[in-house]
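# Architecture at a glance
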Amino acid sequence: GAVLRDMFPGVEFGLLDRWVEREFAGSVEKVNGKEKVPLFENKIDLMGRTEEFLAWLKNRDERVVVVSSHATWLQSLCAFSVQYQPQERGMEMFKKGELRSLGIKFD
């Protein structure tokens with residue numbers, strides 16, 4: 001957390017901090033003297049996290065927001081939360097480092 005904050009001082013890490021605190025509280029295990037956290041979450045939790053993100057986004061003042069995440073979460077956001085289906089791509093998975101643009105209008 002602190003390393004990323006130093007590298008990217010203009011980035012809002014609040015959602016990440018709350019998610020890590022909620023999801024990993026009490027679930028850190030010691031394996032060979034090192035801390036390990038679970039790697040996967042179930043689909044219901046994943047979709048809940050995308051909905052939480054959209055609620056947070058809706059209340060932001062900014063008109064342009066950059067989102068960086070892993071492909072599974074981005075796929076959940078696009079396919080289920082905003083029903084985004086680009087005509088030229090279908091619903092193929094995001095590739096590493098891929099850039100896509102998406103406009104979201106809230107009612």
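Quick note: structure is the one above.
A brief report on the enclosed structure follows.

Reading the values: the criteria
Residues numbered from 1 in each chain as written. Predicted model: local features only at pLDDT ≥ 70, side-chain atom pairs only at ≥ 80, totals over all residues. Heavy atoms only, no water. Buried < 20%, exposed > 50% of the residue type's maximum accessible area, 1.4 Å probe, protein only. Helix = DSSP H or I, 4+ residues; strand = E, 2+ residues; numbered from the N terminus. Contact = heavy atoms within 4.5 Å. Phe/Tyr/Trp six-rings, centres within 6.5 Å; stacked < 30°, edge-to-face > 60°. Salt bridge = Lys/Arg side-chain N within 4 Å of Asp/Glu carboxyl O.

With that settled, the discussion passes to helix H4 (residues 71-81). Along H4, the residues that are buried comprise Trp 73, Leu 74, Gln 75, Ser 76, Leu 77, Cys 78 and Ser 81. Buried residues along H4 sit against helix H3 (43-58). Directly after H4, the chain includes Gln 83, whose backbone phi takes a positive value near 50 degrees.

For the rest of this paragraph, the subject is the packing of aromatic side chains. The geometry of an aromatic ring pair is captured by two quantities: the separation of the ring centres and the angle between the planes. Summed over the entire model, instances satisfying the criterion amount to two aromatic pairs. Relative to Trp 56, the ring of Phe 53 lies with its centre 5.7 Å away and its plane at 35 degrees, an arrangement referred to as tilted. In this pair, Phe 53 and Trp 56 are both assigned in helix H3, three residues apart and thus about one turn of the helix distant. Relative to Trp 73, the ring of Phe 53 has its centre 5.2 Å away and its plane inclined at 85 degrees; by these criteria the two rings are edge-to-face. Residue Phe 53 is found in helix H3, and its partner Trp 73 is found in helix H4; the two are separated by 20 residues along the sequence.

This part is about the pattern of salt bridges. Applying the stated criterion across every chain, the model contains two salt bridges. The salt bridge involving Arg 60 is made with Glu 62; its shortest N-O contact spans 3.0 Å. The exposure class of Arg 60 is partly exposed, given its relative accessible area of 29%. Exposure remark for Glu 62: the relative accessible area of 42% places this residue in the partly exposed category. Across the pair Arg 100 and Glu 98 runs a salt bridge whose closest N-O atoms are separated by 2.8 Å.

Just geometry here; none of it tells us what the structure is for.
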